[in-house]
Structure formats: C-alpha cells, structure tokens
Amino acid sequence: MNHFKQYYGTSLVLIILLVLTVLFSIRYGAVDITLDEIAASFQHWFTPDDMMLNERILMEIRLPRAILCVFVGASLAVGGALMQALFRNPIVEPGLVGTSSGAAFGSALYFALGATFDFNAGEWTLPIAACAGAIVSTFLVFALSESKQTGKSSITTLLLTGIAVNALFLSGVGFLSYIARDPQARSITFWNLGTLSSANWHSVIIVGMSTVLCIVISLRYAKQLNALMIGEEEAEFMGVNLKRLKLYVLLVNVIMVAVATAFVGVISFVGLIVPHLLRMLNGSDNRFLIRNSVLLGGLLLSAADLAARMILRPAELPIGIVTSAVGVPVFIFLLRKKNYFY
Amino acid sequence: MLKAQDITYTIGQKKLLDHVSVTFEPGKLHLIIGPNGAGKSTLIKVLCNQVLPQKGAVYYGNKEVSSFSKLELARIRAVLSQNIELAFPLSVSEVVMMGRYPHFSVKPAEKDRIACEDAMRFFDVLNMADRNYMTLSGGEKQRVHFARVVAQIWYPIENSCRYLILDEPLTFLDVHYQFDFMHKLLDLLQNKDIVIVGVVHDLNLAAKFSDQIVLINKAKILATGSKEKVLTKENIRLAYQLEPVIHTERSAMYLFFE
C-alpha cells in the first residue's frame, strides 16, 4: 500500500530535520560553540576535568537542554495525538483532563507560598509541587465526571468536567499571582509560559524514562484507537475493550504530560498542532501518527527553544510565547489551505 | 445459530424488552420490523452484548454471549450500527481494513488485504479505495461500512457460525442500492454458516426478501415467522395504527397504505 511509504518518507525527513535542529540548538545560544568544540567535548566525555568552558556549557547546559526539549516535545505531541483519538475530537489538547492546569497551580503554590512551608527538596521541590498539582487536578476531573448510576464516565462529561476544572485551577493560579510579590509573581508568569532553562541531566533522565515508556505503551493501543475513530460502540464491535483502552490511554497521557510539565512549565499548542499537521500530511492512522508525533513534537519544540534563545540573545523568551506566536498562524494557514475536514 | 432467550430489559420503570425469545438460524435472512420505540434497537444491543438484560440470556451457538471476550466475539460477529461518523479523515481502504482488526495484531496479513479488497469489490467501492471517506456521499459511506463489516467475517470460522447484525442498514441508500444490498445479503447467505439479522423499516422490502420476519411492538414480539403469518392486517393495525391494503400476486406480497 502506497501510504505506508508516505508515512516512512515523512519519518525519514523528520529524523533528518530533528538531528539538524538539535545540532543547531547545541551550537548556538548566548555563546556560540564551534563544531570542533562540540567534537572535543564528546572526546572528554569520560574525563570531565579536561573540559574547557565552552565544552562545559555544552555538556552541562546545552546538551541536556536539547535532549530534554526533544523528550518534552515528543511527550506533548503524543499526548495530543492520544487525547484527540480517545475523545474523537480535534480540538482536544493533552492538558484537557486537568493535568497542566493542576501542574500550573502546584507550581504557583510553590512560588507564592513555598517559603512559608517547611517542605524543601532542593531542586526537586518545584517538579514535585507541579506533579502533585497535576495528579490532584486530574484525579478531580475523573472523580467528578464519573456517573453515579453506571460508574462509567462518558467522554463528553469528561471533556466538560476537564474544561471546568481547568478553569478552576487557572483562576487559582491567577489568584496566587495576584497576591504574590513581584519576583514570585514573575516566576509564576514565566513558568506558565514554559521554560527549559532549568534543564539538567536529572530532568533529562526522568522525563526521558516517562516519555519512552509511555510512547511504547501508546503504540500498543494505536490500532484500537484507530477503531475508535468510527465510534465507541463500533470499536467494541471490532473487539476493543473500551474500558481498558480509556484507562491506559488516559493514564499514559497523564504521566507523560505531568512529568514533562513539572520540569518545564506549561507549553501550549504543541500537543494540539503536531497531530493535526501530521494528519494533514499523511492521514489519521494512529500507528504512524504516534510515531511521527514523537519526531515532529521533538523537532518543533527544539526549533522553538532555539528561537526563544536567539531572538533576544543573550536574554531568553519563554518558549510558550514562541510556540503560540509561530504555531497559531501556521496552523490556521494550513487549515484554510488544505480542505482537511470537509 | 443466534438465540435470545426470555429477555427482559428495564430502565427505571420502563420495560424496553418484555420476555422476548427469538431464534435466528444460519443461511436465512431474518428481518426485525416494528414501530419507532418498540424495542428493535434495544434487542440489537442485547444481541450484541452492549447492554446486559436483567433477565434472560443470549447464545451464540451453544455459548452464552457473556462468556466471550470482546475480541473473541468480534472474530465471529460483525455489527453495522446506525449513524456512523468518523472523527478524523481516513481513506476508504483504511476504514475497510478496520474490519480485519480483530484478526491481526500489528500488521495485516495477505489474507486480510485480500478480504478487504474482495469485500470492497463486492459492495462496489473498490474504485474509491484511496479516496477520503469524508468526501463520500451518504450512500457511498454506507456501502463502505458494508464492506467493512463483511470483511470482518469474510472467512469461515472453525466450529462456529459467522454472524452479521445490521441496525437499519438501508438508511441513506436509494432504491437501486436498497435492492442491490438485499440481493447481496441473499448472496452472502449462500454460505450456510452465516446468520444475518437486520432491522428494517420498509415492510415491502421485508416481505420481499426475508425468510423470517420478527415484528416487535411495545417491547414484546407481536408475531414472528413467514411474511404471510406476520404481515397480517390485524398485526399491522396493532403495531402501526394504519390500515393496510395487502395485495398478493403469486408468492409476492405488496402493502399499500391509505
């Protein structure tokens, strides 16, 4: 079948672009690093004491940041693809079930009131606060959307509850940034627009593990998500255990998004736009959509991060501003150009 | 053989099915008719294990439906439901291939591809295999789903019948394709291991094509059997509150309404 070739062709192009973008993003920034220095720093991998300053910048700042960027982009994009497929709805973002607004609230609590609490886990405090917020809000969405009679939650109820709980937590964030003093209030704003400046090897390892694990699991459910495109009942008629599918896909999405958001803040639009771009290119088959979302998500976020670091160099823009400012016009242009939905 | 045994299904105070027992045999065309809200779709749901009746049981062969997993059931039984809407654009061949999903785990085998192609040819949609499903007309979409559900049960299964359950399959079809589809069902029934149960609204189509008619009214089976037995003036008056004129010509039967 010829569309298989198309999918693989897209994957190949995306891989090449991804490698190039990662290379660019470790080379350029506040300080430019030459290719020789990049080569040298890899030679000094096991003997870090021999590293020069630029090599250290590369190994301790640029490289973890670039890799984290790829993982986070992949997480958000795959999360978006999964949620759109599960909710059978093109406007869905991975944060829909409350995950990212909860994370934002958790982090805002940390910024605004963190000093008054005793809890302090060093560099982990913020991710833990954000992740806890994400878990609480997501749990709340599920608990509230469950029907009393049947014990099931219909997808429409889940969607609406998600929107409501999101609004609630975002008003909480608004309140906290209103009562916070200036530096804290700025931190809240900055975090809500996303930033990868805190990337280090610890965050790379944790986000990487959650990303890889969740993507492997989601690929197992890709075929069932395809069947769901025809309808919930129809999917069951084609042998899908709907309850289990919903549970696993939602769980995978929540883990991926909560962990990624906990380290880098709220990055909007990547999860919405990537699956759509790929559907326009190659159609909606989730088996390929998920694979290519990994690549395109990583690619877009890397490019956005590079732009965020270059535009006001040596200062840095929050990455969420770049993803939205560039993503929205491109997305609308494509929607209007290709008769996507009819 | 597909059998519903003494099914009673209630929601709140309302009985949607009231002690319904009916048997569907392989190689025969069974059509369910009845007025709106009589319980036709509910019976289909019960047969498909989508809802659990408070009383009674459904048997596929000798096995109770609840003893099958969703996947096991999907391998022997295909269902065409009403009003299918796709969430995202897909090509026609991708939609039809979904019918084979219960039969392969990751990649479709050669025989899955052949089944899809043959089913698409059978329903006259092979020429649109690469088209975007969303650009098709209502009737074309319906034929794509015919191909999908028939592809699902394309090959005979060892020690089991194949089951095809159709909930109002003729909606969206013009007269030509309505007749065409009914003839194709009869073709399929040349395979003596296929059980076909369908809900239709057109009494004349039911009279012309069915081997057994099941008339449901007010959650109960009003009559079941041959067209002569079921489509009587009394039954139609009771179910539809209409006075029919029944015209018989050789073995054919035509119904008119004033």
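Source: prediction; values computed, not measured. (Residues numbered from 1 in each chain as written. Chains lettered and ligands numbered in written order. Predicted model: local features only at pLDDT ≥ 70, side-chain atom pairs only at ≥ 80, totals over all residues.)

Let's shift gears to the overall build of chain A. Scanning chain A from N- to C-terminus turns up 14 helices and zero strands. Reading the secondary structure of chain A in the N-to-C direction produces α-α-α-α-α-α-α-α-α-α-α-α-α-α. Over its C-alpha atoms chain A spans a radius of gyration of 20 Å, differing by no more than 12% from the 20 Å that the globule rule assigns to 342 residues. Referenced to the eigenvectors of the C-alpha coordinate spread, the extents of chain A come out at roughly 65 × 55 × 40 Å. (Helix = DSSP H or I, 4+ residues; strand = E, 2+ residues; numbered from the N terminus. Rg over C-alpha atoms; globule rule 2.2 N^0.38 Å.)

Okay, the sheet that holds strand E1 (residues 2-11) of chain B next. Residues and elements named next belong to chain B. The strand order across the open sheet built from four strands is E2-E1-E4-E5, with neighbouring strands paired in antiparallel fashion. Each having just a single partner strand, strand E2 (14-24) and strand E5 (63-64) make up the two edges of the open sheet. With five bridges joining them, E1 and strand E4 (residues 55-60) adopt antiparallel strand pairing. Looking at the pairing, lysine 3 lines up with tyrosine 59 of E4. Its contacts with the sheet put helix H1 (residues 40-47) on E1, E2 and E4, and the angle it makes with E1 is roughly 120 degrees. (Pairing = 2+ DSSP bridges. Contact = placed C-beta atoms within 7 Å. Axes fitted to C-alpha atoms, helices over the stretch in contact; angles between N-to-C directions.)

Residue and element names in this part refer to chain B. Spatially, the six strands line up as an open sheet ordered E6-E7-E8-E3-E9-E10, and their pairing is mixed. The outermost strands of the open sheet, each flanked by one partner alone, are strand E6 (77-80) and strand E10 (220-225). Going across the sheet, the axis of each strand differs from the next one's by a mean of 15 degrees, ignoring polarity.

Turning next to the confidence of the model for chain B. Residue and element names in this part refer to chain B. Mean pLDDT over chain B stands at 93; residues scoring 70 or higher make up 100%. The element-level mean pLDDT for chain B is lowest in strand E12 (residues 252-257), coming to 89, with strand E3 (residues 29-33) highest at 96. Listed scores for the predicted complex are pTM 0.88 and ipTM 0.90. (pLDDT = per-residue confidence, 0-100.)

Listed as interface residues are 21 residues of chain B and, on the opposing side, 24 residues of chain A. Contributing elements (two or more residues each) for the side of chain B that touches chain A: helix H2 (70-76) and E6 of chain B. Sort the elements by how many residues they give to the side of chain B that touches chain A and H2 of chain B lands first, with three residues. Class assignment for the residues of the side of chain B that touches chain A results in 15 nonpolar, four polar and two charged. (Nonpolar A, V, L, I, M, F, W, Y, C, P; charged D, E, K, R; others polar.)

This brings us to unusual backbone geometry. Cis geometry marks the peptide bond from arginine 313 of chain A to proline 314 of chain A; its omega dihedral reads 5 degrees. If you trace the backbone, proline 314 of chain A turns up in the loop between helix H13 (286-310) and helix H14 (319-337). Positive phi, close to 50 degrees, is recorded for histidine 19 of chain B, a residue that is not glycine. Within the secondary structure, histidine 19 of chain B is located in strand E2. The phi dihedral of glutamine 241 of chain B is positive, around 50 degrees, even though this residue is not glycine. By the element assignment, glutamine 241 of chain B lies in the loop between helix H9 (233-240) and strand E11 (244-249).

Attention shifts here to the pairing of E1 of chain B. All names here are of chain B. Here seven bridges tie E1 to E2, and the two strands are oriented antiparallel to one another. In the sheet register, lysine 3 faces E2, and the bridge partner there is threonine 23. Where E1 folds back onto E2 in an antiparallel hairpin, the turn is made up of two residues, including glycine 12, whose phi is positive at roughly 60 degrees.

One finds Leu47, Val96, Ala119 and Ala147 of chain B to be the most contacted residues of the largest nonpolar core, which totals 179 residues. Looking at which element gives the most residues to this core, the answer is helix H3 (residues 53-87) of chain A, with 19 residues. With sequence-adjacent residues up to four places away left out, leucine 47 of chain B is seen in contact with Leu2, Ala4, Val58, Ile165 and Val197 of chain B. (Core = buried A, V, L, I, M, F, W, Y, C linked by C-beta atoms within 7 Å. Buried ≥ 20, exposed ≤ 12 C-beta atoms within 10 Å, placed from the backbone.)

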